[in-house]
Amino acid sequence: MEIRLEDVGYTIDGQEIIRNLSFSLKSGQKAVIAWPSGTGKTTLLKLIFGFTIPTTGKIFIDNQLLNHSNVKHFRKQMSYANQVADLPKGTVQNSMDEIFSFPANEHIRDYKSIINNLLSEVKLTSEIFGKNTEELSGGERQRLTFILCQVLNRPIWLLDEITSGLDTDNKSNIVRMVAEASQTVLISSHDTIWRENNAFTFINL
Amino acid sequence: MGASDITIIGLIWALLLLVPTLIINYYFKLGQLKTYIVATFRMVIQLAFVGLYLHYIFQWNNPFINFIYLVVMILIAVFSSIKQSKIDMKTFLMPVIIATFVPTITILIYFNYLIVGLTDLFDAKYLIPIGGMLLGNSMKTNIIGMERFYGNLSTNGSEYLTRIAYGADRNRALHPFIKSSMLAASNPLVASMLTIGLVSLPGMMTGQILGGSLPATAIKYQIAIMISIFCSNILGVAITLKLVIPKSFDQYDMPKKGIMISKNK
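Conventions and cut-offs
- Residues numbered from 1 in each chain as written.
- Chains lettered and ligands numbered in written order.
- Predicted model: local features only at pLDDT ≥ 70, side-chain atom pairs only at ≥ 80, totals over all residues.
- Heavy atoms only, no water.
- Helix = DSSP H or I, 4+ residues; strand = E, 2+ residues; numbered from the N terminus.
- Rg over C-alpha atoms; globule rule 2.2 N^0.38 Å.
- Buried < 20%, exposed > 50% of the residue type's maximum accessible area, 1.4 Å probe, protein only.
- Contact = heavy atoms within 4.5 Å.
- Areas by Shrake-Rupley, 256 points an atom, 1.4 Å probe, with all protein chains shown as cover.
- Lys, Arg positive; Asp, Glu negative; His and termini not counted.
- Charge placed at Lys NZ, Arg CZ, Asp CG, Glu CD.
- Pairing = 2+ DSSP bridges.
- Axes fitted to C-alpha atoms, helices over the stretch in contact; angles between N-to-C directions.
- Buried area = accessible area lost by both parts, 1.4 Å probe.
- Salt bridge = Lys/Arg side-chain N within 4 Å of Asp/Glu carboxyl O.
- Core = buried A, V, L, I, M, F, W, Y, C linked by side-chain atoms within 4.5 Å.
- Parallel < 35°, antiparallel > 145°, perpendicular 65-115°, else oblique.
- Left-handed = near helix turned anticlockwise from the far one by under 90°.
- Polar contact = N/O pair within 3.5 Å; in protein donor to acceptor, adjacent residues only side chain to side chain.
- Patch = residues over 30% accessible without salt bridge, like charges linked within 9 Å, V, L, I, M, F, W, Y side chains within 5 Å.

Caption draft 1: Region of the structure containing the overall build of chain A. When its secondary structure is counted, chain A shows 6 helices and 9 strands. Here the C-alpha atoms of chain A give a radius of gyration of 17 Å, agreeing with the 17 Å that 2.2 N^0.38 yields for 205 residues. C-alpha extents for chain A along the principal axes are approximately 45 × 40 × 35 Å. Residues counted as buried form 52% of the 205 residues belonging to chain A. When contacts within chain A are restricted to residue pairs at least 6 apart in sequence, long-range pairs at least 24 apart make up 66% of them. Accessible surface, chain A as shown: approximately 9,200 Å² in total, 44% of it carbon and sulfur. Chain A carries 21 positive and 23 negative side-chain charges, and their two centres are separated by 4 Å.

Caption draft 2: Region of the structure containing the sheet that holds strand β9 (residues 200-203) of chain A. Residue and element names in this part refer to chain A. Spatial strand order, β6-β7-β8-β3-β9: 5 strands in an open sheet with parallel pairing. Each edge of the sheet is formed by a strand with only one pairing partner; in this case those strands are β6 (78-81) and β9. Neighbour-to-neighbour, the strand axes of this sheet turn through a mean angle of 20°, independent of strand direction. Pairing analysis gives 4 bridges linking strand β3 (residues 30-33) to β9, with the strands arranged parallel. Paired with I33 across the strands is I203, a residue of β9. Contacting β6 and β7 (156-160), helix α5 (residues 138-152) runs over the sheet at an angle of about 175° to β7.

Caption draft 3: Representation of the interface of chain A and chain B. The interface of chain A with chain B comprises 27 residues on the first partner and 17 residues on the second. For the pair chain A and chain B, the summed buried area comes to about 2,000 Å², and 56% of that belongs to carbon and sulfur atoms. Taken together, chain A and chain B are joined by 3 salt bridges. Close ionic contact of B:R163 with A:E98 constitutes a salt bridge, the shortest N to O distance being 2.6 Å.

Caption draft 4: Here's a closer look at the nonpolar core. Counting residues in hydrophobic clusters, the biggest one holds 116 residues, and the most contacted among them are A:I48, A:M96, A:F100, A:L159 and A:L186. Among the elements that line this core, the one with the most residues is helix α6 (residues 124-155) of chain B, at 11 residues. Setting aside residues no more than four positions away along its own chain, A:I48 makes contact with A:I3, A:L5, A:F23, A:I59, A:I61, A:L66, A:M78, A:L158 and A:L186. B:L54, B:Y69, B:A124 and B:I128 belong to the second largest nonpolar core, which has 5 residues in total.

Caption draft 5: Quick peek at the environment of B:I57. Residues and elements named next belong to chain B. Structurally, I57 can be placed in helix α3 (residues 33-60). Residue classification places I57 among the buried residues on the basis of a relative accessible area of 7%. When the C-alpha atoms of I57 and A124 are compared, they prove to be 7.1 Å apart, with 67 residues separating the residues in sequence. Setting aside anything within four residues of it in sequence, one finds I57 in contact with I65, N66, Y69, A124 and I128.

Caption draft 6: Looking closely at the packing of helix α4 (residues 63-84) of chain B against helix α5 (residues 89-115) of chain B. Residue and element names in this part refer to chain B. Look at α4 against α5: their axes get within 10 Å of each other, and the N-to-C directions meet at 140°. Here α4 lies oblique to α5, going by the angle between them. Considering only the axes of α4 and α5, their crossing is right-handed. Mapping the contact onto sequence places F67, L70, V71, I74, L75, V78, F79 and I82 in α4 and M89, F92, L93, V96, I97, T100, F101, T104, I105 and L108 in α5.

Caption draft 7: Local environment of the environment of A:E127. Residue and element names in this part refer to chain A. Here E127 shows up in the loop between α4 (111-119) and α5. You can call E127 exposed: its relative accessible area is 64%. For the pair formed by E127 and V92, sequence separation is 35 residues and the distance between their alpha carbons is 9.7 Å.

Caption draft 8: Spatial organisation of the side chain of B:N66. Residues and elements named next belong to chain B. Along the chain, N66 falls in helix α4. Exposure remark for N66: the relative accessible area of 0% places this residue in the buried category. At a separation of 2.9 Å, a polar atom in the side chain of N66 contacts the side chain of N61. Residues within four places of N66 in sequence aside, it is in contact with I57, N61, F122, D123, A124 and L127.

Caption draft 9: Main features of the sheet that holds strand β4 (residues 56-61) of chain A. All names here are of chain A. Across the sheet, 4 strands lie side by side as β2-β1-β4-β5; this open sheet has antiparallel pairing. Where the open sheet ends on each side, the last strands, each with one partner, are β2 (15-25) and β5 (64-65). Both strand β1 (residues 3-12) and β4 contribute to a ladder of 5 bridges, which runs antiparallel. Each residue of the ladder has a partner; that of G9, found in β4, is T56. Here helix α1 (residues 41-49) sits on the sheet in contact with β1, β2 and β4, set at roughly 60° to β2.

Caption draft 10: Layout of the pattern of salt bridges. A full pass over the atoms with the stated rule returns 12 salt bridges over all chains. Residue A:K72 is joined to B:D253 by a salt bridge in which the shortest nitrogen-to-oxygen separation is 3.7 Å. One end of the pair, A:K72, is in helix α2 (residues 71-75); the other, B:D253, is in the segment after α10 (215-248), on a second chain. Residue classification places B:D253 among the buried positions, given a relative accessible area of 6%. A salt bridge links A:D169 to A:K123; the shortest N-O distance between them is 2.9 Å. Of the two residues, A:D169 sits in helix α6 (residues 168-180) while A:K123 sits in the loop between α4 and α5, which places them 46 residues apart along the sequence. Taking relative accessible area as the criterion, A:D169 reaches 47% and is therefore assigned partly exposed. Judged by relative accessible area, which is 44%, A:K123 ranks as partly exposed. The structure contains a network of salt bridges with shared partners spanning A:K89, A:E98, B:E159 and B:R163.

Caption draft 11: A nonpolar patch on the surface, seen in detail. All names here are of chain B. On the surface, a cluster of nonpolar side chains totalling about 760 Å² of accessible area is made up of I8, I9, I12, W13, L16, V19 and I23. Elements with a contribution of two residues or more to the nonpolar patch: α1 (8-15) and α2 (18-27). When residues of the nonpolar patch are assigned to their parent elements, the largest contribution, 4 residues, is made by α1. Structurally, I9 can be placed in helix α1.

Written out as structure tokens, the structure is:
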């Protein structure tokens, strides 16, 4: 699924966060935004996910202008793993049960076994199911949210600082898995590790 | 057989009970002299007025006037409670008015017709006190419910966004917020139903017994009024939430800004 931005700008409280940004990602293409802190990386992902509305310019997903009538449809085509990697409250088990009970996800019936199989790839164990989502460490959350992206298998991934809290092994694991995925992926990250893999292009300010 | 009337002398004796409170105020340096006196003074004046117009309303006992009186009570209750709370008047006025009118009037008619079996549904003797009790409770719970809902949404908004991000529709994503709001609104009455009679006599029963009713009658009224208040409270909060939620989100399902007035204002 394609993402295209045309002259997108975002201003809030008189402050211009994003200015005349244009780029496009073809289906399956993977790009990294490595702009300095405070230059609107997170805002850009929110704009594409429809959590924030651009002040100027247009965002196209799958060649359709993102607007109020299709935003709910397109959100279900995207996984947005954000910086704080929020998960519904309760144990991880409850949290997963809830997520996979939403009509958009209930077709994935065997999510437990899929998650279980993926846990070892990111060096987690099934013990995590019993933990409370609020007690997870930053790194555990990030890896769990990333697994969720894989299980939900939506055509677009928006990954906000998905590797920032991880050790080198875990980082390179996740970079490799993202590189091998069939999804269109937009990553916001300061990590230089993404540059070591030629699956990623870089979007400059 | 009613309660003995209280003479003017008796009332003065009652007001003299203010003296110990003022002494304590002085002793502990609470600085509340003016507040205590103003509050007492206002209570006397306000109740004197109520006594005056209730005297006529009961004398005329005209269904139309009684109904208008109830409507005015509802409007005053709505305005004063919205003003006291931290929510935006413009957005909430109509929903709160509707959410107060519909359950209060419905339950009131239900109470008078089916429970008490009155032929005159708008009899002042029933309409005004029962209506007042339903109203006072329903307003309070409505405000508690809404403050909890919007307070939660502004502090735990990311939980809502998370659910939306994972594919929940708005109602599904709001479920924890709606639940905690409904519980906050219903808990006080549930708690009082659980303990009623164990600790103290409810005000309505006290009044009825003093007025000469048999304890058995007073208890039956108390049961009926408690469950009526419970029902009108829950209905009120549910209707309010149903009406205000669509106004609180934009077409992208994002919470609109400025619904809650900040606490510092």
